[in-house]
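# Topology and contacts: notes
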Amino acid sequence: MKVEFEPELLNRTLLSSGLSEQQVREIGSDFSKNGFVMEDEALLDKLLEAGKDMPTIIGIFSKIGIGKENTVRMIEIRQKKRLGPMVQVHTLKVEE
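Being a predicted model, the structure only gives us computed values, none of them experimental.

## Considerations on the overall build of the protein
Broken down by element type, the protein carries 5 helices and 2 strands. Going from N to C terminus, the protein has its helices and strands arranged as β-α-α-β-α-α-α. Counting the 96 residues in the protein, one finds 28% classified as buried. For the protein, contacts bridging at least 24 residues in sequence account for 59% of all contacts bridging at least 6. Accessible surface, the protein: about 6,700 Å² in total, of which carbon and sulfur atoms supply 51%.

## Some thoughts on the pattern of salt bridges
Any two side chains of opposite charge can pair, so long as their charged atoms come close to each other. What the rule picks out here adds up to 4 salt bridges. Connected through shared salt-bridge partners, Glu41, Asp45 and Arg78 make up one network.

## Considering the packing of aromatic side chains
In the structure shown here, the tally under the stated rule is 1 aromatic pair. Ring geometry for Phe31 and Phe36: centres 5.4 Å apart, planes at 75 degrees, overall edge-to-face.

## What to know about the nonpolar core
Counting residues in hydrophobic clusters, the biggest one holds 19 residues, and the most contacted among them are Leu14, Ile27, Leu43, Leu47 and Phe61. For this core, the secondary structure elements donating two or more residues are helix H1 (7-16), helix H2 (21-33), helix H3 (40-49), helix H4 (54-63) and helix H5 (68-83). Once residues lying within four places of it in the same chain are set aside, the contact partners of Leu47 are Leu14, Leu19, Ile27, Lys52, Ile57, Ile60 and Phe61.

## Comments concerning H2
Taking 1.5 Å per residue as the helical rise, H2 with its 13 residues ought to reach 18 Å, and the 18 Å between its terminal C-alpha atoms agrees with that figure. Residues Val24, Ile27, Gly28 and Phe31 constitute the buried set of H2. Taken down its axis, H2 places every buried residue within 100 degrees of arc, on the same side. Of the surrounding elements, those touching the buried residues of H2 are H1, strand E2 (37-39) and H3.

## Topic: the packing of H3 against H5
At their nearest, the axes of H3 and H5 sit 11 Å apart, and the two run at 65 degrees to each other. As the angle between them shows, H3 and H5 are arranged roughly perpendicular. For the pair H3 and H5, the sense of crossing is right-handed. Here H3 contributes Asp40, Glu41, Leu44, Asp45 and Leu48 to the contact with H5, which in turn contributes Met74, Ile75 and Arg78. Of the residues in the contact of H3 with H5, the class split is 4 nonpolar, no polar and 4 charged.

Conventions and cut-offs
- Residues numbered from 1 in each chain as written.
- Predicted model: local features only at pLDDT ≥ 70, side-chain atom pairs only at ≥ 80, totals over all residues.
- Heavy atoms only, no water.
- Helix = DSSP H or I, 4+ residues; strand = E, 2+ residues; numbered from the N terminus.
- Buried < 20%, exposed > 50% of the residue type's maximum accessible area, 1.4 Å probe, protein only.
- Contact = heavy atoms within 4.5 Å.
- Areas by Shrake-Rupley, 256 points an atom, 1.4 Å probe, with all protein chains shown as cover.
- Salt bridge = Lys/Arg side-chain N within 4 Å of Asp/Glu carboxyl O.
- Phe/Tyr/Trp six-rings, centres within 6.5 Å; stacked < 30°, edge-to-face > 60°.
- Core = buried A, V, L, I, M, F, W, Y, C linked by side-chain atoms within 4.5 Å.
- Expected span 1.5 Å × (residues − 1).
- Arc of directions from axis to C-beta.
- Axes fitted to C-alpha atoms, helices over the stretch in contact; angles between N-to-C directions.
- Parallel < 35°, antiparallel > 145°, perpendicular 65-115°, else oblique.
- Left-handed = near helix turned anticlockwise from the far one by under 90°.
- Nonpolar A, V, L, I, M, F, W, Y, C, P; charged D, E, K, R; others polar.

Keep in mind these numbers describe shape, not what the thing actually does.
What follows is the structure in structure tokens.
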């Protein structure tokens, strides 16, 4: 799905979510090259490359208007491809 958003909002959101200025500039450059439109999966790839975890990515996507359900679905699909057909994660529970 292609998304379009305000460049300043994207930059502020990415910076406030812990990306470095260099990472924000790289994403912004790709974004501007494409007429300020970007595939949501391309943005997901960039955030994963930057080492962001799922809760951070969900927060970023929510702030720029991409729903939580879509974000989780994209991450799930990506994880299934990476982990292979033998793995199905239904729930994840972390205890201290």
